[in-house]
Structure formats: C-alpha cells, structure tokens
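# Reading the structure
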Amino acid sequence: MKLHLKAFAAAAVMATMTSSAYAVTEISWWHSMTGALSERVNTMADEFNKSQSDYKVVPVYKGTYDESMAAAIAAYRAGNAPDILQIFEVGTATMVYSKGAIKPVYEVMQQAGEKFDQNAYVPAVSGYYSTAKGMMSFPFNSSTTIMFYNKDLFAKAGLDPNKPPVTWQEFVGMAAKMKASGVTCPYTTTWQSWVHLESFAAWHNTETASKSNGFGGLDARLKINGPLQVRHIENMSNWAKQGYFIYAGRKDEANAKFNAGECAIITGSSSAYADIRKNAKFKFGVAPLPYYSDVAGAPQNTIIGGASLWVMGGKKADEYKGVAKFFTYLSKPEVQAKWHQETGYLPVTKAAYEITQKSGFYERNPGTDVAVKQMIVKTTDKSRGIRLGNYAQIRTVIDEELENVWTGKKTPKDALDSAAKRGDELLARFEKANK
C-alpha cells in the first residue's frame, strides 16, 4: 500500500511539473471592433496562437472606444486590466500621460529581446504614437481621410466620371452642375472635425494647435480659428446654403446616404472602402482630399484616425514577452498586407505596402492606394498629427459649434473662436491635472 501511495505521489509530482512546463500564458486583448472587423481580429489572434505554443492571445470586445477606455481605467484601478488595450487616436495624449498605467511598446519590445525597427513603419503613422524615446503604442487599425465619388452621378451631371475635383476651387463648379442635373446631395462628409479641421490643416501644412500640435508640451493651445480654417468653414457654410453641401451627422452617418446613391461626393475614412464596395449599386471612385491650390505647401499629408494598441502596466514578465511576440507577428509584412487589403486600413509598415503593390492589388482595386500615398511622405511639425489632452471632449465642442454654423445660428468666425476658447479651457484643465 505504501508503495502504491509513493508511486501515486511521484506520478502527481511529474504531472504537475509537466503541466507547468507546458503552461500557456494568456494575453488578454480588449478591442472595439465590430462585425467583419471583429471576425478579422479573432482570426489574427487565432493564427498567432497556432503559430506557437507558449502564448494564447484572447480578444474580447469591450464596446465602443469610449466604453472600452472607461472599462480599462476601472479595471486598472481594480488591479485586473487587460494586457493589451485598443485606444482610438484622440486618446493618445491621455494614455501617454497615464504614468504607471501603461508600459511603452518600445520598452516591451526591448526587454523581450524582439527586433523592433521603428524606421520600418510609415512615418506619419509611427510618429503619431511616438515620443522622443520611441513608440509608445503599436499602430494597429490606422486610417486617413480621403474622398469617394459616385461616377454615375458625375456622368449624369455631364462631368467626366474619371476626373473628381482636385481642388476646392474646382469643386464649386462641379457641385453647381450636379445640383442643376437634379442631384439632391452633391457633397457630404463624415467626421467633420477630423476631416475639415484636423486633416484639413495637416493637408495644408497648417497648425491645428501651438507647440507642434501638442507634441511640444502640455501648454499647447488651439489654432482652429486661423484665417485658413475660417475661410474653409465660410465656404462650406455658403455651400450648405446653396444646397451643395448636405450635413448628415457628427460621425459616419453620411456613409448611408452615399452608399444609397444619394450623394455624389463624400469625404471620410479610408476604412469605408470595403463597406462601399459591398453596398454601393453604382460605379465609384477613390481620390485624395481636395485642397486650396493657392495655399503654399499644400498638399502635404493627411493625419491618421483609427486606433493603436497600448500595453497596460503592472503585468508579469512572461505576459510582456507574449505581448512582444504578438506585436512582432502583427508587424510581419504578409500579416500587415492581408489586414490592409481586407479592411481598407493602412498598412503600417512600408514592406506591407510594397508587397501589396507588387501583388497587383492596387491595379485590381483602383483607388485603394490613395490613402497610402497621402501618408507615405515625410511629415512636418505641422502635419505630424495631433497630441492634445481631453481631445475627445474637444471634438464634441467643435461639433457643437460647427452645427451652429450649418444651422445659421453663428458665423464661421464666431463659431471657431468659441470652439477654440472652450477647447483651450479643456486643454488647460488637462495641463493642470498632469503637471
């Protein structure tokens, strides 16, 4: 009996040692992707998990970007935050200044001994998420602002369906012809603040805020009420009165109007490509954002939208090792190229762009390279992007003020002055809280 007990004990010890030797480290990943994008996220995690046996990435949908960020803050305070958190681009400043709550990606990669060449990433993308020390988060679903247009409605108006407006000056004459031909919505836009103030400024190599758009310090203040911005919003106000511009909502509500064939032109996220291709019953084209030809330095580059992946603080070394391995996997040119081609998001590495280009994807899908070409250029201090605290709230303020313009309650100058003043109060509050 004693021999049996000893044998049982020895077997139990061996079983424990064996299971411990082959224990898989779970890496939790909270994200905000829905529909087909959520399925793609699950597939990416599954493919990584099958590529090795030490780590298992577990994606969990946690609601919208705002909801996910709030949930992560609460979880961090409770000591059970995820390993990886997807945060939208306007939350970057908040995360950068969240001391202790996050672990910079460049540190995670260095300490894990993973090769991490930041020069391999598209500068306009990596620069947005970097400090002087290195990349703070991992660029994941990066998009930018571009223009889509309905070729059928162009032809109906007697316009060349292969020649969309290159400049805003050209747009006016085209919109008049569309209106005269019976098109009820010549032009609409999604994400008005991102397209018509943030990207608009970068596209024209103009500041959105002082201190290099916030990259130079917490004491940055808004410049959204500059002469060029006022000029553009005045033009848009006039286009709204003439029936050339139809406002459809603060976020992506306008996509439904364009997909239904109501609007001839829409500006918005490059990531809308897949949805338009799936739902549009008409021929459509993709083109860069229009610009003002009399502005020196235009066009420069547009700035990114979408989100990046942040690594939360206070985790174990083996978890960080797993996160680093996963980011190395996500950086593979073939993985990035597939993500780019299937979703419409930007390839975050130059190699992924080159693979896609050589494969003939852009030739088979005309216009899908527009967003990339707008971004793969050398950025300036004015076009690198925006890093401002409380920016999600500031965007809400801007939306309110622009709506006052479209409804005729305020002049463009008064609205932008008010948005700048109210926004600066939010910036001052963030500065005080993070000194």
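What counts and how
Residues numbered from 1 in each chain as written. Predicted model: local features only at pLDDT ≥ 70, side-chain atom pairs only at ≥ 80, totals over all residues. Heavy atoms only, no water. Helix = DSSP H or I, 4+ residues; strand = E, 2+ residues; numbered from the N terminus. Rg over C-alpha atoms; globule rule 2.2 N^0.38 Å. Buried < 20%, exposed > 50% of the residue type's maximum accessible area, 1.4 Å probe, protein only. Contact = heavy atoms within 4.5 Å. Areas by Shrake-Rupley, 256 points an atom, 1.4 Å probe, with all protein chains shown as cover. Phe/Tyr/Trp six-rings, centres within 6.5 Å; stacked < 30°, edge-to-face > 60°. Lys NZ or Arg CZ within 6 Å of the ring centre and 35° of its normal. Core = buried A, V, L, I, M, F, W, Y, C linked by side-chain atoms within 4.5 Å. Axes fitted to C-alpha atoms, helices over the stretch in contact; angles between N-to-C directions. Parallel < 35°, antiparallel > 145°, perpendicular 65-115°, else oblique. Left-handed = near helix turned anticlockwise from the far one by under 90°. Nonpolar A, V, L, I, M, F, W, Y, C, P; charged D, E, K, R; others polar. Disulfide = S-S within 2.5 Å. 1 Å grid on protein atoms, 1.4 Å probe; cavity = no way out; pocket = protein on both sides within 12 Å on 5 of 7 lines; lining within 4 Å. Points joined across faces, edges and corners; volume = space filled by probe spheres on them. Salt bridge = Lys/Arg side-chain N within 4 Å of Asp/Glu carboxyl O.

What the protein chain contains, in helices and strands, is 20 helices and 10 strands. Relative to the compact-globule value of 22 Å for 435 residues, the protein chain shows a C-alpha radius of gyration of 24 Å, a close match. With respect to the three principal axes, the spread of C-alpha positions in the protein chain is 100 × 50 × 35 Å. Classification of the 435 residues of the protein chain by burial places 54% in the buried group. Contacts in the protein chain between residues far apart in sequence, at least 24 positions, make up 77% of those at least 6 positions apart. On the protein chain, roughly 18900 Å² of surface is accessible, and the fraction owed to carbon and sulfur atoms is 53%.

Next up on the list: the packing of aromatic side chains. The full count for this structure, using the stated rule, is 28 aromatic pairs. Considering the side-chain rings of Phe258 and Phe282, the 5.5 Å spacing of their centres and the 90° angle between planes classify their relative orientation as edge-to-face. Here Phe282 lies in the loop between helix 13 (273-279) and strand 9 (284-287) and Phe258 lies in helix 12 (residues 254-259), a separation of 24 residues in the sequence. The two residues Phe258 and Phe282 agree in class, both being buried. Centroid distance Tyr353 to Tyr362: 5.6 Å. Interplanar angle 40°. Geometry classified as tilted. Here Tyr353 and Tyr362 have matching classes, each one buried. Directly above the aromatic system of Tyr292 lies the positively charged group of Arg231, at a separation of 4.2 Å from the ring centroid.

Here we come to the nonpolar core. Core analysis: the biggest nonpolar cluster contains 130 residues, and Phe148, Met178, Leu222, Ile265, Phe326, Phe327 and Leu330 have the highest contact counts within it. Beyond its immediate chain neighbours, meaning those up to four positions away, Phe148 contacts Phe258, Ala264, Ile265, Ile266, Ser269, Ser270, Ala272, Tyr273, Ile276, Phe284, Gly285 and Val286.

On the secondary structure map, Ala298 appears in the loop between strand 9 and strand 10 (304-311). In this structure Ala298 touches Trp203, His204, Tyr291 and Tyr292, once residues within four positions along its chain are discounted.

All right, on to the packing of helix 11 (residues 227-242) against helix 20 (residues 412-433) then. If you want to describe how two helices pack, look at the angle between their axes and the distance between the axes. Helix 20 packs onto helix 11 with a crossing angle of 130° between their chain directions and a minimal axis gap of 9 Å. Taken together, the axes of helix 11 and helix 20 are oblique relative to one another. Crossing geometry of helix 11 relative to helix 20 is assigned as right-handed. Listed contacts from helix 20 to Gln229, Val230, Ile233, Glu234 and Ser237 of helix 11 are Pro412, Lys413 and Leu416. Of the residues belonging to the contact of helix 11 with helix 20, the class tally is four nonpolar, two polar and two charged.

What follows concerns the environment of Val105. Looking at the secondary structure, you find Val105 in helix 5 (residues 105-112). The class of Val105 is buried, set by a relative accessible area of 0%. Distance from Val105 to Ser137, taken between C-alpha atoms, is 5.2 Å for residues 32 residues apart in sequence. Excluding its chain neighbours within four sequence positions, the residues that come into contact with Val105 are Phe116, Met135, Met136, Ser137, Phe138, Leu309, Val311 and Phe327.

Turning next to the state of the cysteines. Tallying each qualifying case throughout the model produces one disulfide. Bridging Cys185 to Cys263, the disulfide has an S-S length of 2.1 Å. Taking the torsion about the sulfur-sulfur bond, which here is approximately 90°, the covalent link between Cys185 and Cys263 counts as right-handed. Of this pair, Cys185 sits in strand 7 (residues 185-189) while Cys263 is found in strand 8 (residues 263-269), placing the two residues 78 residues apart along the sequence. Considered together, Cys185 and Cys263 belong to a single accessibility category, that of buried residues.

Applying the stated criterion across every chain, the model contains six cavities of 30 Å³ or more. Every residue lining the largest cavity is counted, 14 residues in all, and those nearest its centre are Ser270, Tyr273, His340, Gly344 and Thr368. Counting residues per element, the ones that place at least two in the lining of the largest cavity are helix 13 and helix 15 (333-343). The element that contributes the greatest number of residues to the lining of the largest cavity is helix 15, accounting for four residues. Estimated volume of the second largest cavity: approximately 60 Å³. Tyr97, Gly214, Gly217, Leu218, Ala220, Arg387, Leu388, Gly389, Leu427 and Phe430 are the residues that line the second largest cavity. The residue inventory of the lining of the second largest cavity, partitioned by class, reads six nonpolar, three polar and one charged.

Counting buried positions along helix 9 (residues 192-203) yields 12 of 12 residues, so the element is predominantly enclosed. What helix 9 keeps buried is the set Gln192, Ser193, Trp194, Val195, His196, Leu197, Glu198, Ser199, Phe200, Ala201, Ala202 and Trp203. Within two residues after helix 9, Asn205 carries a phi angle of roughly 55°, on the positive side.

Another point: the pattern of salt bridges. Considering all chains together, one arrives at 18 salt bridges under this definition. Notably, a salt bridge pairs Glu198 with Arg395, separated by 2.8 Å at the nearest N-O pair. Of this pair, Glu198 sits in helix 9 while Arg395 sits in helix 19 (residues 391-406), and the two are 197 residues apart along the sequence. In this structure, Glu403 and Arg250 form a salt bridge, with 2.9 Å as the shortest nitrogen-oxygen distance.

On to the environment of Tyr61, then. You can see Tyr61 is positioned in strand 2 (residues 55-61). Separated by 27 residues in the primary sequence, Tyr61 and Thr34 have C-alpha atoms spaced 7.9 Å apart. Those residues in contact with Tyr61 that lie beyond four places of it in its chain are His31, Ser32, Met33 and Thr34.

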